[in-house]
Amino acid sequence: MSGGAPNRAGRMAVNAAAYAVTVFLLLPTLIIIPMSVGPERFLRFPPAGFSLRWYAEYFRDPDWVAATLFSLEVALLTALCATVAGTMLALALVRGRLPGRGLVELLVVGPVIVPHVALAVAMFLVFERLRLTGTLLGFTMAHTVLALPFVVFTVLAALYRFDAELERAALSCGAGRLATFRHVTLPLIAPGVVSAALFAFIISFDEPVVSFFISALDRKSLPRKMFEDIDYNISPTLAAVATMLTALTVLALLLGFVLKRAAERRAAARSG
Amino acid sequence: MLGGRRFSPAASLALAAPFLLLLLVVFILPLATLLHESLFVPSPGLGNYAHALEEPVYLRVMLRTLRIAFLVTLLALVLAWPLAWVMSRSRGLGLALLGAAVLLPLWTSVLVRTYAWMVLLQRNGVINQMLARLGLIEQPVRLLYTEGAVVLAMAHVLLPFMVLPLYSALKGIPEDYPRAAQMLGASPWATFREVVWPLCLPGVTSGCLMVFLLALGFFVTPALIGGPQQMMIATLVSQQVRELLDWPFAGALVGILLAFVLALVLLFRRAVRLDRFVGQA
Amino acid sequence: MRKLDADRNAGSISIEGLTRRFGAVHAVDGVSLDIRAGEFLALLGPSGSGKTTILMSIAGFEYPDEGRILLGGEDITWLPPNRRNLGMVFQRYTLFPHMSVLENIAFPLKMRGLGRAEREERARAALRTVRLDQLGERRPAQLSGGQQQRVAIARAIVYRPRVLLMDEPLSALDKNLREEMQIEIKHLQREIGITVVFVTHDQTEALTMADRVAVLDHGRLQQLGAPRELYEAPQTEFVAGFIGETNFWSGSAAAAAAPGEAVGVRLEGSGVMPALAVSRVAAGDRVRLALRPERLRILPGAAEGVPALVTEAIYAGNATTLMLEAAGGQVLRLRIPAGAGLPEAVAGEAVTLGWQAADARAFGVAP
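It should be emphasised that the depicted structure is a prediction, and the values quoted were computed from it without experimental measurement.

1. Quick word on the overall build of chain A
Right, so step 1: A count of helices and strands for chain A gives 11 helices and 0 strands.
Right, so step 2: Secondary structure elements of chain A, listed N to C terminal, follow the sequence α-α-α-α-α-α-α-α-α-α-α.
Right, so step 3: For chain A, the spread of C-alpha atoms along the principal axes amounts to about 70 × 70 × 30 Å.
Right, so step 4: Within chain A, the fraction of its 272 residues that count as buried is 52%.
Right, so step 5: When contacts within chain A are restricted to residue pairs at least 6 apart in sequence, those whose partners lie at least 24 apart make up 74%.

Laid out in structure tokens, this is it:
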């Protein structure tokens, strides 16, 4: 259909605006990448040459490596805890009769609605008293709480997509509740659960605010270490770290995308 | 639903137990402790709150926070609308690319994106270099630590939270509605004003609320891009805790922030749709 | 694991005073029903009649508010579904999409702790029963609707349950396939001698397949009987209207009559015509007359009957349907089967109608 000349002009203007916004969204992050391979001590665009010295710098610096390893540890544990606790809660919400359901639902959105700085300061206060600052346990608990809403909502979505009649079919075949979950429900919501774990991992690994407050001088997460470095000097090492972090996110998103496609194909095959 | 396959209340509670326990210890307890501090230290009463609301310095920070959050929301809405509209009318590869452009920033570290803005905006940053090379300026212009820079960077960081709810609202408008309006004689602008805009209002409310809420309590970007000159409430809280160790006063500031956020959430209860930000990746 | 019970009554089901309420609505309202072992029973009714709730109560997915359910004499009302050892075929097949056809069929055997070899052997045998021997390795998504339905049946009978429950299993299939599957399921049921409880809203399906049909409306059992009984001798106005095509005509009883007795009915706008009283009526009671279109006759010449005007004649190959208007504005349908040499009529013609007393059933109307 053709809406006439003014209409087409309007549509082109909206399209142009949309693509301009896309560029605005992506460019600042992408511009870091070429700058991270510049050889100079000061960031320049375009870079004056190609060098991986700032990447090497990162891997040589024990502080960076220690912070990265600590963040990895926390993120893996967070992904595990948040996925298990979140999946259990999602099951209770969809398949259970949970007393005080409204209150629980409020609690689920709590960590998203409450500003992270408020939560971070509050955790700092309590963690100091409990000697949890700068500990693996403290970080994992804090990040698990921050990641839980996203896990719960992802698994909820998977459970809603899942045809509950299949569980009844399993029960009618003589499977008990646990066997039904293990053989039917879990395999079919697995893509959702895995992407929930991915979300939890990224949330923890990138989490700057709570990390900023509950880190200790000798034990800090990668975002906290980045925060300090940005505050003091915008060194090209940081550009290298930022590039690697972005690459990691792209990878995780791609993985999530592939999983979702697989799940959709399965769902489409079912209804077809 | 069907009696034979729902968990009993006791079993449901057992399934929810790890979640509830975690939130009790790491969410409710810390917030309660902090708020208790603000109300009872050094003496019981609202002294800390009165101090925060009476001192012009702090009042100015709060007003700036509100102003910046409002401007960020407005800018994000203006930027997000065309993108969300085009996304809602795209399919296949086009949609995948646009979607990736929105989701990638959403999941990229806030620190990385803020750092990118610092690299762009600093004295010898990319923008100043470009402007100088084009001969538009002779001296580097001060971009960092201005309110404009804070608004721009925050709008950038929070933009996905506006695009996604807008997108799902716009996607729900069948292609035939605007077509019908035009067949009935409405101009493109009238079609937008009379049909599309009213239908996407829930998405607008949801996106604006989300961005405004997040902007109110935002810490990383204002702290790094705004510096002490453009201090917002989150930075103020941080300063009270880390530099002055004034927990009761920080607690009062958090209390005020929380009261504000909760009031907004209760007011727009239906617009808080977290599920829009997941499941779309 | 429960073995197939040799006892002949093992597959019988007794439903006693079953009541299930959803809020203020009685989904099932005091239904009692005895299903014999080896019988094919259809639960027939419009949506909201309670037929699915009854099936789900037998399956264990619903628990009743009142009443109990006995399986082979044993009370199973509160037994969880996975321990009832019943087979069930669902409306949308519900094959597990992540398992192969064979894995689907072997699943109930796995849940019963059978070894791999025996599972495989019995699953293959069940697959042969439904004539899909070659497709064991496929995924459900690679099968047609009819094939998926056969797999679902194989999965439900592989552990030799005493009873097979079917919840509108053919509603997702197209017409031809549906008719083919109706016969196939019927044969299969005879072959393995299993009790089948079959829910449907399609009266033709119920009449074709079932030994007996339970007609339900608003949660109540209207009539239980063989297909012929339901069609020829409906016990309630609902059954007369729901099964087959029926003309209803209001009137009043000319004399008192006991159930099953002949009674004259004074029709609105017409004279007195013969009928059969279904319930007890007193002289002057309001009644509703149910007349099957194919049992109405055009009487030759000046015979005594009901005068009517043919408003339309619709030719449909195997029969001609006449739309008639009798005195008092009563609209009737009359069907003349083709090739029987019965008198026909054209639009605009005035005719006289008649019928046998046994073909006009008079239902008392509650005042």
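What follows continues from the structure just given.
2. Some details on the domain arrangement of chain C
Right, so step 1: Looking at chain C, the domain boundaries give domain 1 (8-235) and domain 2 (245-364).
Right, so step 2: Between domain 1 of chain C and domain 2 of chain C, the C-alpha centre-to-centre distance is 40 Å.

3. Considering the nonpolar core
Soluble globular proteins: nonpolar side chains tend toward being buried together.
Right, so step 1: A:V121, A:M123, B:L158 and C:A362 are the most contacted members of the largest nonpolar core, which totals 292 residues.
Right, so step 2: Considering every element that reaches this core, the biggest residue donor is helix α7 (residues 147-171) of chain B, with 18 residues.
Right, so step 3: Once you skip the residues sitting within four places of it in the chain, A:M123 turns out to touch A:A142, A:V210, A:F213, A:I214, B:V26 and B:P30.

4. Considerations on the sheet that holds strand β16 (residues 306-315) of chain C
Right, so step 1: A sheet is described by the order of its strands in space; here 5 strands give the open sequence β15-β19-β16-β17-β18 (chain C), paired in antiparallel fashion. Both outer strands of the open sheet, β15 (297-298) and β18 (331-337) of chain C, are each paired with one neighbouring strand and no more.

5. As for the UniProt feature "domain: ABC transporter" (unreviewed entry) in chain C
Right, so step 1: As recorded in UniProt, the feature "domain: ABC transporter" (unreviewed entry) lies at residues 13-243 of chain C.
Right, so step 2: Annotation note: span residues 13-243 of chain C, helix share 36%, strand share 26%, distance between end C-alpha atoms 25 Å.

6. A look at the interface of chain A and chain B
Right, so step 1: Across the contact, 84 residues belong to chain A and 77 residues belong to chain B.
Right, so step 2: When residues in the side of chain A that touches chain B are grouped by element, the largest group, 17 residues, is from helix α1 (residues 5-36) of chain A.
Right, so step 3: Within the side of chain A that touches chain B, the residues separate by chemical class into 62 nonpolar, 16 polar and 6 charged.

7. Details of the sheet that holds strand β5 (residues 74-75) of chain C
All names here are of chain C.
Right, so step 1: Here 4 strands make up an open sheet; going across it, the order is β2-β1-β4-β5 and the pairing antiparallel. Edge positions in the sheet fall to β2 (25-35) and β5, since each has one partner strand and no second.
Right, so step 2: Where strand β4 (residues 66-71) meets β5, 2 bridges bridge the pair, whose relative direction is antiparallel. Bridge pairing links L71 to E74 in β5.
Right, so step 3: Strands in contact with helix α1 (residues 51-59) are β1 (13-22), β2 and β4; relative to β1, the strand with the most contacts, it is inclined by about 115 degrees.

8. Description of the environment of A:L136
All names here are of chain A.
Right, so step 1: Examined against the element boundaries, L136 turns out to sit in helix α6 (residues 136-161).
Right, so step 2: Separated by 58 residues in sequence, L136 and V194 place their C-alpha atoms 23 Å apart.
Right, so step 3: Setting aside its immediate chain neighbours within four residues, L136 contacts E73 and V74.

9. Topic: the environment of C:P293
Residue and element names in this part refer to chain C.
Right, so step 1: Following the sequence through the fold, P293 ends up in the loop between β14 (286-291) and β15.
Right, so step 2: In this structure P293 comes out as partly exposed when scored by C-beta crowding, with 18 C-beta atoms within 10 Å.
Right, so step 3: Residues P293 and L322, 29 residues apart in the sequence, show an inter-C-alpha distance of 9.0 Å.
Right, so step 4: Excluding residues within four positions of it along the chain, P293 makes contact with E245, N247, R333, L334 and R335.

10. Side note on the pairing of strand β19 (residues 350-354) of chain C
All names here are of chain C.
Right, so step 1: Taking every second residue as pointing to the same face, the buried face of β19 carries V351 and L353, while none of A350, T352 and G354 on the other face is buried.
Right, so step 2: Bridging between β16 and β19 involves 4 bridges; their strand directions are antiparallel. Each residue of the ladder has a partner; that of P307, found in β19, is T352.

11. Re the confidence of the model for chain C
Residues and elements named next belong to chain C.
Right, so step 1: For chain C, mean pLDDT is 90; residues scoring 70 or higher make up 97% of the total.
Right, so step 2: Mean pLDDT values over the elements of chain C span from 88, in β15, up to 97, in strand β3 (residues 40-44).
Right, so step 3: Scoring the predicted complex yields pTM 0.84 and, for the interface, ipTM 0.90.

12. Some details on the confidence of the model for chain A
Right, so step 1: Of all residues in chain A, 94% have pLDDT values of 70 or greater, and the mean over the chain is 89.
Right, so step 2: Taken element by element, chain A is modelled with least confidence in helix α11 (residues 236-271) of chain A, mean pLDDT 82, and with most confidence in helix α3 (residues 62-95) of chain A, mean pLDDT 96.

How each quantity is defined
- Along each chain, residue indices are assigned from 1 in the same order as the chain's sequence is written.
- Labels are handed out in written order, letters beginning with A for the chains and numbers beginning with 1 for the ligands.
- Only residues with pLDDT of at least 70 get local features here, since the model is predicted, and only at 80 or more are side-chain atom pairs given and counted; chain-wide, interface and lining totals rely on the full set of residues.
- Counting from the N terminus, the helices are the DSSP runs of H or I reaching at least four residues and the strands are the DSSP runs of E reaching at least two.
- Our exposure labels follow a C-beta count within 10 Å of each residue's own C-beta, placed from the backbone: buried means 20 or more other C-beta atoms, exposed means 12 or fewer, and partly exposed covers the counts in between.
- Our contact criterion uses C-beta atoms placed from the backbone: two residues qualify when those atoms are within 7 Å.
- What fixes the domain bounds is an automatic or database domain assignment.
- The term nonpolar core refers to a set of buried Ala, Val, Leu, Ile, Met, Phe, Trp, Tyr and Cys residues connected through C-beta atoms within 7 Å.
- Two strands pair under a simple rule: DSSP has to find at least two bridges between them.
- UniProt positions are given in the numbering used here, feature names are shortened, and annotations may be inferred rather than shown by experiment.
- Here the term charged refers only to Asp, Glu, Lys and Arg, the term nonpolar to Ala, Val, Leu, Ile, Met, Phe, Trp, Tyr, Cys and Pro, and the term polar to all other amino acids, Gly among them.
- In this description, a line fitted to the C-alpha atoms serves as the axis of each element, helices being fitted only across the stretch in contact, and the angle between N-to-C directions of two axes falls anywhere from 0 to 180 degrees.
- Confidence of the predictor in every single residue is expressed as pLDDT, which spans 0 to 100.

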